[in-house]
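Read off the chains here:
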Amino acid sequence: MNGPSLALRQRSLGDPVIEFPLFPPLTRGCPETSTGEIAYPLDVTYDYARVDTRLFEQEPGADIARWSPLLPPLEAPTLGEGGTPLVEFDGVHIKDESRNPTWSHKDRLNRVAVSAAVAAGAPGVVVASSGNHGASAAAYAARAGLPAIVLTSADSPPAAQSFVRAYGATVMSVPVEKRWPLLREVVDRLGYHPVSNQTVTHTGHPFGPEGYKTIAYELFLQLGRVPAAVFTPTGYAELLYGVWKGFVELRLLGLAASVPRMFSCETAAGGPHARALATGAPAAIVELGASDAYGIAGPVGGHRGVVAVRDSGGEALLVSDDELRLAQRDLARQGLWQELSGAAGLAGYRRLGQDFDGPVVCVATSSGFKDVGVGAERFPVVAEPTLRDLAPDA
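Let us look at the structure shown here. (Residues numbered from 1 in each chain as written. Predicted model: local features only at pLDDT ≥ 70, side-chain atom pairs only at ≥ 80, totals over all residues. Heavy atoms only, no water.)

1. Some details on the pattern of salt bridges
Now for step 1: Per the counting criterion, the structure on display carries 25 salt bridges.
Now for step 2: Notably, a salt bridge pairs Glu-97 with Arg-108, separated by 2.7 Å at the nearest N-O pair. A residue pair is termed long-range when its members are at least 10 positions apart, and Glu-97 in the loop between strand 5 (92-96) and helix 1 (106-119) and Arg-108 in helix 1 qualify at 11 residues.
Now for step 3: Given a relative accessible area of 0%, Glu-97 falls into the buried group.
Now for step 4: In this structure, Arg-351 and Glu-323 form a salt bridge, with 3.0 Å as the shortest nitrogen-oxygen distance. Residue Arg-351 is located in helix 10 (residues 344-352), and its partner Glu-323 is located in helix 9 (residues 321-332); the two are separated by 28 residues in the primary sequence.
Now for step 5: Residue classification places Arg-351 among the partly exposed positions, given a relative accessible area of 47%.
Now for step 6: What emerges from the salt-bridge pattern is a single network uniting Arg-11, Asp-43, Glu-210, Lys-213, Lys-245 and Glu-249. (Salt bridge = Lys/Arg side-chain N within 4 Å of Asp/Glu carboxyl O. Helix = DSSP H or I, 4+ residues; strand = E, 2+ residues; numbered from the N terminus. Buried < 20%, exposed > 50% of the residue type's maximum accessible area, 1.4 Å probe, protein only.)

Right under this line is the structure:
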């Protein structure tokens, strides 16, 4: 049942008729359909006829290798990613991805992407990231015995940089505009395997979203059905696309009759996927304003998010930092402390203000420890503490 990978080929999202061998992963987008203005990602196809549907009779749990037939080959060791809880709150279900090994959803992606580096015999991995992705890539590279280079921005939280360095990665803070040219040079000259984007609009690693499919599989088992809607924090939309694809596969395998409506939840300071969907473009680049939600605040979008929202009948939602803070506070009051970006799913659901005929899932992506300013605040010492200080009405 949990046998070897049934992955077959890479397929262009620019033209699904165009296919390429499974290896090497085409980390610079589809070479046949991409242009200087738009880069089209690659998808992974599988031999679905050989999938044993008893795969979906197992209990959800850690280590996404339980879904190995529907993933690219997993050559990197697990750190126990996946199997995250589903918590009911305020009429919705919160999928708490902060429970992963490095406290974010990125662990699902990096188990798959670092596996590709191992399979390719790469001497190391390289990533451009200001937070979660860099920490996760560094952790999975360390577990696989590979060096990692993480290119981060100078304004990323110091705690996040310490987190990355703890795994033994080489970390360099560079100006944002220098990160991607330097990343490409590391790839071209050192042969390191890239686990982040290298193209004008986002394509990222073609295997990465496959790890996020496992969230859909777990939700199907945890709910006992397909949800009516899923709201995801959205930066480059790899998470959004991966969850959508997982549900599409469940329908393809005859296990589900429908696919949930997918909602991208972006910061109002940017919103490239909202722009692309509003204008009918395959992807968009926008001017980015100020936002503390650094994990999802970016000017560059990709075609994956457009596909997932459009084909599921969903919507692109823009949320303000104030809406994010309110959602973050309310989640924390329920014992779920999320990074500001990680609360975007709940903030987006509240902004939409719509009822659904079935369960609604808001994916919460990462721990509040990752946020800007965490640990910097100093609290006063009460020299002569009394009970009244703790309970004024006592």
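Back to the text.
2. Re helix 4 (residues 176-190)
Now for step 1: Counted at 1.5 Å a residue, the expected span for helix 4 with its 15 residues is 21 Å, and the 21 Å between its end C-alpha atoms agrees.
Now for step 2: Among the residues making up helix 4, those that are buried are Arg-179, Trp-180, Leu-183, Val-186 and Val-187. Taken end-on, helix 4 shows its buried residues confined to a sector of 120°, consistent with a single buried face. More than 90 degrees from the buried face of helix 4, the exposed residues found are Glu-177, Asp-188 and Arg-189.
Now for step 3: Here the buried face of helix 4 lies against strand 6 (125-128), strand 7 (148-152) and strand 9 (193-194).
Now for step 4: Looking one or two residues beyond helix 4, the residue adopting positive phi is Gly-191, at roughly 80°. (Expected span 1.5 Å × (residues − 1). Arc of directions from axis to C-beta. Contact = heavy atoms within 4.5 Å.)

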